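In case you want the letters, here they are:
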Amino acid sequence: MEGVASLKAMIRASSSVLEAMEADAALCQATVDSVDRVVESFRAGGKLMICGNGGSAADAQHWAGELVSRFLYDRPGLPAIALTTDTSILTSIGNDYGFDSSFSRQVEALARAGDVLFAISTSGRSPNIIGALKAAREREVTTVGFTGRHGGDMLELCDLCIRVPSDSTPRIQEGHELLGHAICAMVEAVMFPRPT
């Protein structure tokens, strides 16, 4: 019974964060605005780049996969790239420049004005995420941050900063996962509306 009680407590904690997200007008507006920025970029021939560390790296890969392949229904693929997946690139950058350059160097190589960067950091302080945001800013790339309640150092580097109202890393990650799915669904629906 103790295990069931612990599980229910975690579900309640997650639910309370999701309820707070629903009530957070700034979070909801920034999320919808990020959809508009991504759609605008795609329609102009741009792309979405996504980066994060650890669980956030998994989110980056997950969201890119939903856009390149499909989310809710079949449609043409969309140009999304997770900057977390190429081990040769990541290890060569790490070896030659250091881990803090793991994403900024890729942004320098791949980004074009009008692209969008999704930067995920629960703390808002990850040095390689901060470096990616700075590199994106220099290249006129729209920067969208996904972080926790306070935003950390990334807050001032993001055109849009989506802050999950929690200080708990697992709860923030759960919020990010919901937001990623919502964004994928909305982008898909706007880019390729289903016949009514």
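For the structure, check the block above.
What counts, and at which threshold
Residues numbered from 1 in each chain as written. Predicted model: local features only at pLDDT ≥ 70, side-chain atom pairs only at ≥ 80, totals over all residues. Heavy atoms only, no water. Helix = DSSP H or I, 4+ residues; strand = E, 2+ residues; numbered from the N terminus. Rg over C-alpha atoms; globule rule 2.2 N^0.38 Å. Buried < 20%, exposed > 50% of the residue type's maximum accessible area, 1.4 Å probe, protein only. Contact = heavy atoms within 4.5 Å. Areas by Shrake-Rupley, 256 points an atom, 1.4 Å probe, with all protein chains shown as cover. Lys, Arg positive; Asp, Glu negative; His and termini not counted. Charge placed at Lys NZ, Arg CZ, Asp CG, Glu CD. Expected span 1.5 Å × (residues − 1). Axes fitted to C-alpha atoms, helices over the stretch in contact; angles between N-to-C directions. Parallel < 35°, antiparallel > 145°, perpendicular 65-115°, else oblique. Left-handed = near helix turned anticlockwise from the far one by under 90°. Pairing = 2+ DSSP bridges. Core = buried A, V, L, I, M, F, W, Y, C linked by side-chain atoms within 4.5 Å.

Draft legend 1. Broad picture of the overall build of the chain. For the chain, the helix and strand inventory stands at seven helices and five strands. Of the regular secondary structure in the chain, the N- to C-terminal order runs α-α-β-α-β-α-α-β-α-β-β-α. Compactness check: the chain gives a C-alpha radius of gyration of 17 Å against a globular reference of 16 Å for 196 residues, within 12% of the reference. C-alpha extents for the chain along the principal axes are approximately 50 × 50 × 30 Å. Considering the chain as a whole, with its 196 residues, one finds that 45% of them fall into the buried category. Sequence separation of 24 or more characterises 68% of the internal contacts of the chain that already satisfy a separation of 6 or more. Per element, the accessible surface of the chain, about 9600 Å² overall, is 54% carbon and sulfur. Looking at the chain, you have 17 positive and 24 negative side-chain charges, and the mean spots of the two groups are 1 Å apart.

Draft legend 2. Spotlight on helix α7 (residues 169-191). Taking 1.5 Å as the rise per residue, α7 with 23 residues should run 33 Å; its terminal C-alpha atoms sit 32 Å apart, in good agreement. Among the residues making up α7, those that are buried are R171, I172, G175, H176, E177, L179, G180, I183, C184, V187, E188 and M191. Where α7 is buried, its residues meet α1 (2-23), α2 (25-43), α3 (55-68), β3 (116-120), β4 (142-147) and β5 (160-163).

Draft legend 3. The packing of α3 against α7, seen in detail. Running from amino to carboxyl end, α3 crosses α7 at an angle of 15°, the nearest separation of the two axes being 10 Å. By the angle class used here, α3 and α7 are roughly parallel. The crossing of α3 and α7 is right-handed. Only Q173, H176, E177, G180, H181, C184 and V187 of α7 make contact with α3, whose side of the interface consists of G55, S56, D59, H62, W63, E66 and L67.

Draft legend 4. Focus on unusual backbone geometry. Its identity as a non-glycine residue notwithstanding, E140 has a phi of 60°, on the positive side. The exposure class of E140 is exposed, given its relative accessible area of 63%.

Draft legend 5. The arrangement of the sheet that holds β5 in detail. Overall, parallel pairing links the five strands, which are arranged β2-β1-β3-β4-β5 in an open sheet. For this open sheet the edge positions go to β2 (80-82) and β5, each flanked by a neighbour on one side alone. When the angles between neighbouring strand axes are averaged without regard to direction, this sheet yields 15°. As paired elements, strand β1 (residues 48-51) and β3 share four bridges and run parallel to each other. Across the sheet, the residue bridging to I50 is F118, located in β3. On the sheet, α3 packs against β1, β2, β3 and β4 and is oriented at approximately 155° with respect to β2. Sheet strands touched by α7: β3, β4 and β5. Its angle to β4, the strand with the most contacts, is close to 140°.

Draft legend 6. Quick peek at the side chain of E188. Tracing the backbone through its elements, the reader meets E188 in helix α7. When neighbours within four sequence positions are excluded, E188 is seen to be in contact with R70, F71, L72, Y73, R75 and P193.

Draft legend 7. Seen up close, the nonpolar core. Within the largest apolar cluster, 32 residues are counted, with the highest numbers of intra-cluster contacts made by L48, I50, F118, F146 and V187. If we ignore the near neighbours within four places in the chain, the residues touching I50 are A60, W63, A64, I81, A82, L83, L117, F118 and I120. By size, the runner-up hydrophobic cluster in this structure holds 19 residues, among which are L117, I130, A136 and M154.

Draft legend 8. Just the pairing of β3, in detail. Counting buried positions along β3 yields five of five residues, so the element is predominantly enclosed. Here β3 shows a buried face lined by V116, F118 and I120 and a second buried face lined by L117 and A119. In terms of strand pairing, β3 meets β4 through five bridges, oriented parallel. Along β4, the bridge assignment pairs L117 with T143.

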